[in-house]
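Tertiary structure, described
Spelled out, the chains give:
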Amino acid sequence: MTARGVAILGATGSIGTSALNVITRHPDRFRAVALTAHANGAALGELVKRHAPAFSGLSGGDGGADVLLAAATHPDADIVLNAVVGAAGLDATLAALEAGKRVALANKESLVVGGQLVLEAARRGGGTLVPVDSEHSAILQAMGAAPASSVRRLVLTASGGPFRASPAEVVRTASVQDTLRHPTWSMGRKITVDSATLANKSLEVIEAHYLFDLPWESIDVVVHPQSIVHSFVEFVDGSVVAQLGIPSMELPILYAFTHPERLADMGIPRYDPVAAGSLTFEAVRHDVFPMLAMGIAAARRGGAGAAVFNAANEVAVSHFLAGRLSFGGISDVVGETVDMLGSLAGMTRQELLDADQRARAHVEGLVPC
Ligand code: NDP
Ligand code: MG
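Sequence order sets the numbering: in each chain, residues are counted from 1 along the sequence as written. Note on labels: chains are lettered from A, ligands numbered from 1, in written order. Side-chain atom pairs in this predicted model are given and counted only at pLDDT of 80 or more, local residue features only at pLDDT of at least 70, and totals for whole chains, interfaces and linings cover all residues. Computation of side-chain values covers all heavy atoms of the structure but excludes hydrogens and water.

We now examine the coordination of the magnesium ion (ligand 2). At 2.1 to 2.2 Å from the magnesium ion (ligand 2) lie its protein donor atoms, namely Asp133 (OD), Glu135 (OE) and Glu204 (OE). Keep in mind that water is not among the atoms, so a site may look incomplete; donors are the N, O and S atoms within 2.8 Å of the metal, or 3.2 Å for Na, K and Ca. In the primary structure, the donors to the magnesium ion (ligand 2) are separated according to the pattern D-x1-E-x68-E. Taken as a pair, Glu135 in helix H6 (residues 134–143) and Glu204 in helix H10 (residues 199–212) lie far apart in primary sequence, 69 residues in all. Each residue is placed in one exposure class: buried if its accessible area under a 1.4 Å probe, protein chains only, is under 20% of its type's maximum, exposed if it is over 50%, and partly exposed if it falls in between. Assessed through its relative accessible area of 7%, Glu135 is described here as buried. Glu204 sits in the buried class, given a relative accessible area of 1%. The helix and strand labels rest on DSSP assignments: H or I over at least four residues marks a helix, E over at least two residues marks a strand, and numbering proceeds from the N terminus.

Laid out in structure tokens, this is it:
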């Protein structure tokens, strides 16, 4: 059996690094054939030395969009892992699916911004979309071969982030440093902030809506501080199936590469129920974390609602990380932007990208520089 070629978009990031760990453990099964980074040429250079891909490039400079597309459609790539951050990943997801690839999707923003376009690209090009996000990987695994019609409800778990139990006034003024201290997962900065505001969970509800073709009312969220249960599927007969594991993205990455098969891997931490101890569940505090409901409401408006929410959030998070916006200010400016622009049209790629740009400009106008 020849090793399957993997293109990794965003190879220098948290997901990219975990994916290269997985690939390194299975040289007979996988080989890195294309690697991209955005700006970190030195880190990419190291990876190129170690993995000798047929193609590599930086997406941050002139012609950056072409670098992502070349990697996403590389002839040696059987699997395309999209692990870039933000709406910038959309076109690569579309191109890889059009080219018939298996897309291991970490870049959830692709589906949030252009869910319908992504599904159409897969249908047209014959590509398959397999989630890397741990909750969606859990749902895929828990569903087994059951048809969507046998599912009553999905329950996505959320760690609750670093401020799960903090008083509302402490949360509003939380520092960047405290926000980046995630209790259970080690991830890139943008998704770590999204986990603290619960914007990440709204992006994941939207992602689940498209991936599993379920109505909004059938997707719930529960807080589970230990991050051991990665999500639940409730079937129409009342049976509930969950997928469990020690939090490590290497497992969902490996599964996205092998689904529906499994590959033995001793590098992934094993779950010991006694050592892990109690598993607890709580309701989301919507009054303290308004981003969850806000994102879902924006998506339910249809059109460019979700794209506007996503773009506003991306810009607000970057201002928060730069010290120009408070933690509470993130939901304030995103809320204002969604109220203003959330009903823009969003049928076509161009309409969605225009709405994305308008939302970014709107947030820039709201944040004092
Ligand atoms: P990181 O910030 O750690 O890495 C991002 C990667 O993408 C880097 O290689 C970076 O390059 C590159 N990149 C940054 N900006 C752009 C851009 N505008 N265009 C193209 N490439 C870019 O992020 P994560 O690995 O944490 O997350 C990646 C994606 O996976 C996100 O969509 C996130 O939501 C999703 N995800 C992540 C999880 C995790 O555990 N980390 C879990 C579930 C989903 P450079 O190094 O040069 O800046
Ligand atoms: Mg997740």
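We are not done yet, so read on.
The residue after His259, namely Pro260, is reached through a cis peptide bond having omega 5°. Along the chain, Pro260 turns up in the loop between helix H11 (250–258) and helix H12 (273–276). One non-glycine residue, Ala52, lies in positive phi territory at about 45°. Accessibility expressed as a relative area gives 59% for Ala52, which makes it exposed. Positive phi, normally seen in glycine, also occurs at Ser227, with a value near 50°.

Take the sheet that holds strand S1 (residues 4–9) next. A pair of strands counts as paired when DSSP detects no fewer than two bridges linking them. Spatially, S3-S2-S1-S4-S5-S6 is the arrangement adopted by the six strands of the open sheet, whose pairing is parallel. The strands lining the two open edges of the sheet, one partner per strand, are strand S3 (55–58) and strand S6 (128–131). The mean angle between the axes of side-by-side strands here comes to 20°, regardless of whether they run parallel or antiparallel. Two strands pair when backbone bridges link them, and strand S5 (residues 102–105) and S6 are joined in this way by four bridges, in the parallel orientation. The residue of S6 that forms the bridge with Leu105 is Pro131. Seen against the sheet, helix H4 (residues 90–98) touches S1, strand S4 (79–82), S5 and S6 and runs at an angle of roughly 150° to S5. Only heavy atoms enter the contact rule, under which two residues are in contact if any of them lie within 4.5 Å. Lines fitted to the C-alpha atoms define the axes, with helices restricted to the stretch that makes contact. Angles between their N-to-C directions range from 0 to 180 degrees. Taken strand by strand, helix H5 (residues 109–125) contacts S4, S5 and S6, and its axis lies near 150° from that of S6.

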